[in-house]
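Residue strings, one per chain:
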Amino acid sequence: MDLKRIVIIFALPMVPACAIWNCLRASAEETSQEEGSSIAELHADLLETIACRLSIVDLLRFRCTCKAWRSASFNVSAVIDSKTYQTPWFFQFCLEGEFMLSDPSEQDDCYDIDIPELEDVTCIASNGGWLLLYRDDGLVFFFCPFSRARVDLPLLPLPLPRLLLHSELPKLVAAISSSPTSQDCIVCVINHRNSNTLVLNLIRRGATEWTTHEYHDGLEHLRTITCASYYHGVFYFMDSMDSLVTFSPEKIKWVLHKIVAPTLPFDAVKDYFSTRRMVEKLLSPPPIDMSVSIFICGTKLTGIDHDYYIHNEHFLQFGKERDFAYMYGVWIQPRLHYLPPSYSW
């Protein structure tokens, strides 16, 4: 396939971006076996314009083709990362090392990807394109599934509750003050040790050990924590009803509240998965007879005026079948985070 044909295809306004990508990939395979003009000879301006029309997943494939294409897509990646508000994607944990990304704004945009690094882990927080992941041996790390960037944290102190992957809401819930690349980043991981005790493990950027704090007063009305957030130096931990406990890392101070709308300084969004009819998108056509149990980790969305925090959610669909099909996923904003090879916490 010659370069003129590629330019003609690109010039057609109704050609989908995926068709352009398939054309470029096929041409790259052909020209790698032929002498003469190379796909890398496409002008940088044309490559950048093509990159602008690709989905984020196809853009990642585009970047991996050669140095020229990676360079041409730099501005597009920067634009994606600079967007304040983006509709979150749904990142579904499937079988061993297999995952699926779905764009809720597009009916048919689902991508199967292979990420072996995420086997046997549970997502306990999602913020700004970063997932905070936990394994039962105490391993904790930030991970960006779009770029495979990873930041390892010191091991969490044990013992902690064992997480039954894909079969329950995580007993651990975390909140992140800022990006793990920020010097002021603080991570808080909280869980119920029992009905009378909350245990919070906290670590600051650059620290080598977690600090542990406990809270015991008036917890009889606080149910399973389904949302964790951070605002102006204070961490907020909410259940699915109207109870809230806050923690100030500077003052080492806990306060228990009862939520009376609209008292929160941000929006807390419940049932985000259900209201967007995501099960119909993930299971198409929807299996009427199937009983489905889906556990979803929420995320933070940065808006123009204020932030939005999506609660963790347990979606149930009862069908004729008695055995449930268990699924697990997380909401995540599409971001392309890249780190230097020597980067560390």
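Everything numeric in this text was worked out from a predicted model, so none of it was measured.

*Asks:* Would you take a moment to explain the sheet that holds strand 15 (residues 253-258) for this structure?
*Replies:* Backbone hydrogen bonds are what pair the strands of a sheet, in a parallel or an antiparallel way. With antiparallel pairing, four strands are arranged side by side in an open sheet as 12-13-14-15. Each having just a single partner strand, strand 12 (225-231) and strand 15 make up the two edges of the open sheet. Pairwise comparison of adjacent strand axes, ignoring direction, gives a mean angle of 20° for this sheet. As paired strands, strand 12 and strand 13 (residues 234-239) are joined by six bridges and run antiparallel to one another. Paired with Cys-227 across the bridge in strand 13 is Met-238.

*Asks:* I keep staring at the nonpolar core and nothing clicks. Help me out?
*Replies:* If you look at soluble globular proteins, the nonpolar side chains tend to sit buried side by side. Phe-91 and Val-187 are the most contacted members of the largest nonpolar core, which totals 54 residues. Not counting residues within four places of it along the chain, the set of residues in contact with Val-187 comprises Leu-132, Phe-142, Leu-153, Ala-175, Asn-201, Leu-202, Ile-203, Trp-210 and Trp-345. One finds Ala-175, Cys-188, Leu-202 and Val-245 within the second-largest nonpolar core, a separate group that totals 18 residues.

*Asks:* Help me out: how do you make sense of empty space enclosed by the protein in this one?
*Replies:* Which parts of space are left empty comes out when a probe the size of a water molecule is rolled across the atoms. Tallied over the full model, the rule gives two cavities of 30 Å³ or more. Together, 20 residues line the largest cavity, and Ala-125, Ser-126, Ala-174, Ala-228 and Gly-298 are the ones closest to its centre. When contributions to the lining of the largest cavity are tallied by element, the ones reaching two or more residues are strand 4 (122-127), strand 8 (173-176), strand 12 and strand 19 (307-310). The greatest single-element share of the lining of the largest cavity, amounting to five residues, is contributed by strand 12. Here the residues of the lining of the largest cavity are counted per class, giving twelve nonpolar, seven polar and one charged.

*Asks:* Before we go on, may I ask you to explain the packing of aromatic side chains in this structure?
*Replies:* Remark: the centre distance and the inter-plane angle together describe each pair of aromatic rings, the angle taken between the planes. Evaluation of the coordinates by the stated rule reveals 19 aromatic pairs. Summarising the aromatic geometry, the rings of Phe-90 and Trp-331 are spaced 5.2 Å apart at their centres and angled 65° between planes, so their arrangement reads as edge-to-face. Here the residue Phe-90 occupies a position in strand 1 (residues 89-93), and Trp-331 occupies one in strand 21 (residues 324-332), the gap between them amounting to 241 residues. The burial state of Phe-90 is the same as that of Trp-331; both residues are buried. Between the aromatic rings of Tyr-215 and Trp-254, the centroid separation amounts to 5.1 Å while the plane-to-plane angle is 20°, which identifies the pairing as stacked. Taken together, the residues Tyr-215 in strand 11 (residues 211-215) and Trp-254 in strand 15 connect sequence positions 39 residues apart. For the pair shown, Tyr-215 and Trp-254 are each scored as buried.

*Asks:* Can you help me understand the confidence of the model for the chain in this one?
*Replies:* Atomic detail in the predicted coordinates should be set aside for any region of low pLDDT. Residues at a pLDDT of 70 or more form 75% of the chain, whose mean pLDDT is 79. Confidence drops under pLDDT 50 across residues 1-15; counting only partners more than four residues distant or on other chains, this segment forms 27 contacts.

*Asks:* Looking at this structure, how should I read the pattern of salt bridges?
*Replies:* One pass over the structure, following the stated rule, counts six salt bridges. In this structure, Arg-135 and Asp-137 form a salt bridge, with 2.6 Å as the shortest nitrogen-oxygen distance. Overall, Arg-135 belongs to the partly exposed group, its relative accessible area being 32%. With a relative accessible area of 37%, Asp-137 lands in the partly exposed category. Notably, a salt bridge pairs Arg-150 with Asp-152, separated by 3.0 Å at the nearest N-O pair.

About the criteria used
Position numbers for residues count from 1 along each chain, tracking the sequence in the order it is written. This being a predicted model, a pLDDT of at least 70 is required before a residue's local features are given, and a value of 80 or more before pairs of side-chain atoms are given or counted; all residues contribute to the totals for chains, interfaces and linings. Side-chain measures here rest on the full set of heavy atoms in the structure, leaving out hydrogens and waters. For two strands to be treated as a pair, DSSP must find at least two bridges joining them. Going along the chain from the N terminus, every DSSP run of H or I of four or more residues is numbered as a helix, and every run of E of two or more is numbered as a strand. Interaxial angle, 0 to 180 degrees, is taken between N-to-C directions of lines fitted to C-alpha atoms, where a helix line uses only the stretch in contact. Within this scheme, the nonpolar core is defined by two criteria: the residues are buried Ala, Val, Leu, Ile, Met, Phe, Trp, Tyr or Cys, and they are joined through side-chain atoms within 4.5 Å. Between buried and exposed lies partly exposed: a residue is buried under 20% and exposed over 50% of the maximum accessible area for its type, with that area taken using a 1.4 Å probe on protein chains only. Contacts are residue-level and defined by heavy atoms, with any inter-residue pair within 4.5 Å sufficient. The distinction between a cavity and a pocket rests on a 1 Å grid over the protein atoms alone: a 1.4 Å probe fits inside a cavity but cannot get out, while a pocket stays open yet meets protein on both sides within 12 Å along at least five of seven lines, and a residue with an atom within 4 Å of a point counts as lining. Grid points are joined across faces, edges and corners, and a volume is the space filled by probe spheres set on the points. Side-chain classes follow a simple rule in which Ala, Val, Leu, Ile, Met, Phe, Trp, Tyr, Cys and Pro form the nonpolar group, Asp, Glu, Lys and Arg form the charged group, and the remainder, Gly included, forms the polar group. Only centres within 6.5 Å qualify two rings of Phe, Tyr or Trp (six-membered ring in Trp) as a pair; their planes then separate them into stacked at under 30 degrees, edge-to-face at over 60, and tilted for everything else. How sure the predictor is of each residue is captured by pLDDT, a score from 0 to 100. Here a salt bridge means any side-chain nitrogen of Lys or Arg lying within 4 Å of a carboxyl oxygen belonging to Asp or Glu.

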